[in-house]
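# Notes for the structure review
Listed below are the residues making up each chain.
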Amino acid sequence: MKKLIWAPAMICAVMVALTACGGGEEKKAEEKKAETETPAPAADNSMVVSVAGKGKELIAGQDCATCHKETEKVIGPSFKEIAAKYPATDANITTLADKIIKGGSGNWGEIPMAPHAGVPKEDAVEMVKYILSVK
Ligand code: HEC
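Heads up: these notes are all about the structure in this document. (Residues numbered from 1 in each chain as written. Predicted model: local features only at pLDDT ≥ 70, side-chain atom pairs only at ≥ 80, totals over all residues. Heavy atoms only, no water.)

Quick look at the environment of Pro115 now. Within the fold, Pro115 resides in the loop between helix H4 (90-102) and helix H5 (121-133). For the pair Pro115 and Lys99, spaced 16 residues apart in sequence, the C-alpha separation works out to 7.4 Å. Discounting chain neighbours no more than four positions away, the residues touching Pro115 are Ile100, Ile101, Lys102 and Gly103. (Helix = DSSP H or I, 4+ residues; strand = E, 2+ residues; numbered from the N terminus. Contact = heavy atoms within 4.5 Å.)

Turning our attention to the site of the ligand. Taken together, 26 residues sit near the ligand, with Cys64, Cys67, His68, Tyr86 and Met113 positioned nearest. Note that an oxygen atom of the ligand is positioned 2.6 Å from one of the backbone N or O atoms of Trp108. Backbone polar atom of Gly109 to an oxygen atom of the ligand: 3.2 Å apart, as the coordinates give it. Because more than half of its atoms lie within 2 Å of the grid, the ligand is assigned to the largest pocket. Of all the elements, H4 adds the most residues to the shell around the ligand, at 3 residues. (Near = heavy atom within 4 Å. Polar contact = N/O pair within 3.5 Å; in protein donor to acceptor, adjacent residues only side chain to side chain. 1 Å grid on protein atoms, 1.4 Å probe; cavity = no way out; pocket = protein on both sides within 12 Å on 5 of 7 lines; lining within 4 Å. Sits in = over half its atoms within 2 Å of the grid points.)

Shape descriptors only; they carry no functional weight alone.
Here it is as structure tokens:
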């Protein structure tokens, strides 16, 4: 008889403990988020997403995949490595867009990045925005 009374009480205690634990972690995650998040309006974020999609399409229409993969180094660095090296600032986006058009070497090794003289600057910028969004 005693057992029957204790069983629900135990379950209760376990559940309380679990809830308390979960709540604590959630709070930590929230605090961390608040620290790392840079204030940006929600509308801007959605724009970045659609712009990144366009860059991906533009890259698919070029020969980039011969030398670049999203997460694996092929002949050139992976897009993930490039995104880790360069924060998505206007200056970096401009420099990298120029590099797509003009080509060049030296930032990752001796193998040169192929020039793409036929790519319009705006397209190169879209491509870079996509590359820098690869995490
Ligand atoms: C023939 C192979 C090849 C092709 C094709 C190629 N890349 Fe590259 N890419 C490279 C190499 C090699 C590097 C590293 C260059 C260096 O060390 O500075 C590179 C570097 C880059 C970088 C980083 C530049 C830097 O200075 O850090 C970006 C961005 C990039 N490529 C984008 C592209 C895009 C977009 C395309 C398609 C339009 C493309 N690549 C096509 C070989 C290639």
